[in-house]
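Working through the structure, step by step
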There are 2 protein chains.
Amino acid sequence: MDDDQLKKHFEEIIALTNDEYEYIRSHFKRRIIKRKRYLLQAGDKVTNTFWVKKGLLVACYHDESGKEHVVQFAMENWWITDYPAYFSQGNATLSIESIEDCEVYALSFDDREKICKEFHKVEYFFRKKANSGYAALQRRMLSFLSDDIKGRYELLLKQYPALLQRVPKSIVASYLGVSRETLSRLH
Amino acid sequence: MDDDQLKKHFEEIIALTNDEYEYIRSHFKRRIIKRKRYLLQAGDKVTNTFWVKKGLLVACYHDESGKEHVVQFAMENWWITDYPAYFSQGNATLSIESIEDCEVYALSFDDREKICKEFHKVEYFFRKKANSGYAALQRRMLSFLSDDIKGRYELLLKQYPALLQRVPKSIVASYLGVSRETLSRLH
DNA sequence: GTTTTACTGTGATGTACATCACATCTTCAA
DNA sequence: TTGAAGATGTGATGTACATCACAGTAAAAC
């Protein structure tokens, strides 16, 4: 069965019987997208969050001058969406684009609330995930406030060495809040 | 009863009977601290998160050169701790200091897990809070990546006008990632 | 296989910001 | 009430970075 990987992902935190898992699984919709395509576009209504089975995506903001700012990456076993818009049921300010061919599983907001309501342990799973995500984002914010560019890059390299092999340096630079020329000059 | 305010805070999201609330309430410990004191110091084991009933606090990081970086504010009805350390049961990298005299309610990690486990709706409450916190932090990160200093300040002013009246401008500047002189020059 | 596109590194230039120093006013502590 | 400490604004100076331009290499598309 090809989605043992999603079951394993849940079971990193909670125990699930096969029946429980099949029921939860039935709320996800599989999506295949090719590289350099949109999974989500700014302005779209955001109804889904996405778990990445395979591939690599980025969430970006394009400012009024068209400049692209990378807010978030997602590789295998990560979740991605425009979270502010997803939680408030609003329209996206971010776009999500594939860097590689991807296989993702979409879970709508209503379905997520439904399975959390039906299973206390699924509620627990998503609270744990949210707490971890918040801690990681707070560490990133702290690095922005206190580290110089070299320090930020080295932290990212230490945290996600495999990720950085797969992403163009111009995208890494944008995620770090610097130009690709500046990042290039660090080496 | 002087902690209707904590009950009201929970009831913004979930319904609680008086007995349920009294039981939950019994897991919190009241702390009074005077202005310019530590609630948490870097290096301390982080066992508690804090809900603010009255007053104003900041969470700061001091880098190797002693420079202070403000990571988070908390005024009434906000929660604050060193989240990465709280979730991982580790030692604080942040210090939490009072800007005004404060009354806070401490909830240990173990007690929070306990009341979440015992009440599905408390689990839901904290998942909702975590989701909101993540969305707010992602918006802040995005502002850092894409707005100039003036834009960041104006966003903060629009979001929390009352907060900015209560905080020294040097602390606001640090939270925005700029020097107090630069912030002063924006006016 | 060839052409086009993407990616990366480097040089030159201008500027927004940090830093340091100082002055003034307000608030706090004794 | 007085002196000390804190907060804020302003001027001067130096620099790390963005931006623009260009060149070369690798990968993708046809």
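Residues numbered from 1 in each chain as written. Chains lettered and ligands numbered in written order. Predicted model: local features only at pLDDT ≥ 70, side-chain atom pairs only at ≥ 80, totals over all residues. Heavy atoms only, no water.

**A closer look at the pairing of strand β4 (residues 57-62) of chain B**
Residues and elements named next belong to chain B.
- Counting buried positions over the six residues of β4 gives five, a clear majority of the element.
- In this antiparallel pair of consecutive strands, β4 and strand β5 (residues 68-74), the connection spans five residues, and Gly66 shows a positive phi of 90 degrees.
- Both β4 and strand β7 (residues 95-98) contribute to a ladder of four bridges, which runs antiparallel. Residue Ala59 lies in a different strand from β7, and its bridge partner there is Ile96. (Buried < 20%, exposed > 50% of the residue type's maximum accessible area, 1.4 Å probe, protein only. Helix = DSSP H or I, 4+ residues; strand = E, 2+ residues; numbered from the N terminus. Pairing = 2+ DSSP bridges.)

**Focus on the layout of surface pockets**
- For the largest pocket, the calculated volume is near 1100 Å³.
- Looking at the largest pocket, it is lined by 42 residues, and the ones nearest its centre are Ser132, Gly133, Ala136, Leu137 and Tyr160 of chain B.
- Going through the elements one at a time, α5 (120-146) of chain A together with β5, α3 (83-88), α5 (120-146), α6 (149-159) and α8 (169-176) of chain B are the ones with two or more residues in the lining of the largest pocket.
- Of all the elements, α5 of chain B adds the most residues to the lining of the largest pocket, at 14 residues.
- Its residues assigned to classes, the lining of the largest pocket comprises 21 nonpolar, twelve polar and nine charged.
- There is about 860 Å³ of room inside the second largest pocket.
- Elements with a contribution of two residues or more to the lining of the second largest pocket: β5 (68-74), α3 (83-88), α5, α6 (149-159) and α8 (169-176) of chain A together with α5 of chain B.
- Among the elements that line the lining of the second largest pocket, the one with the most residues is α5 of chain A, at eleven residues.
- Considering only residue class, the lining of the second largest pocket consists of 18 nonpolar, nine polar and five charged. (1 Å grid on protein atoms, 1.4 Å probe; cavity = no way out; pocket = protein on both sides within 12 Å on 5 of 7 lines; lining within 4 Å. Points joined across faces, edges and corners; volume = space filled by probe spheres on them. Nonpolar A, V, L, I, M, F, W, Y, C, P; charged D, E, K, R; others polar.)

Such coordinate-based values are descriptive only and should not be taken to indicate function.
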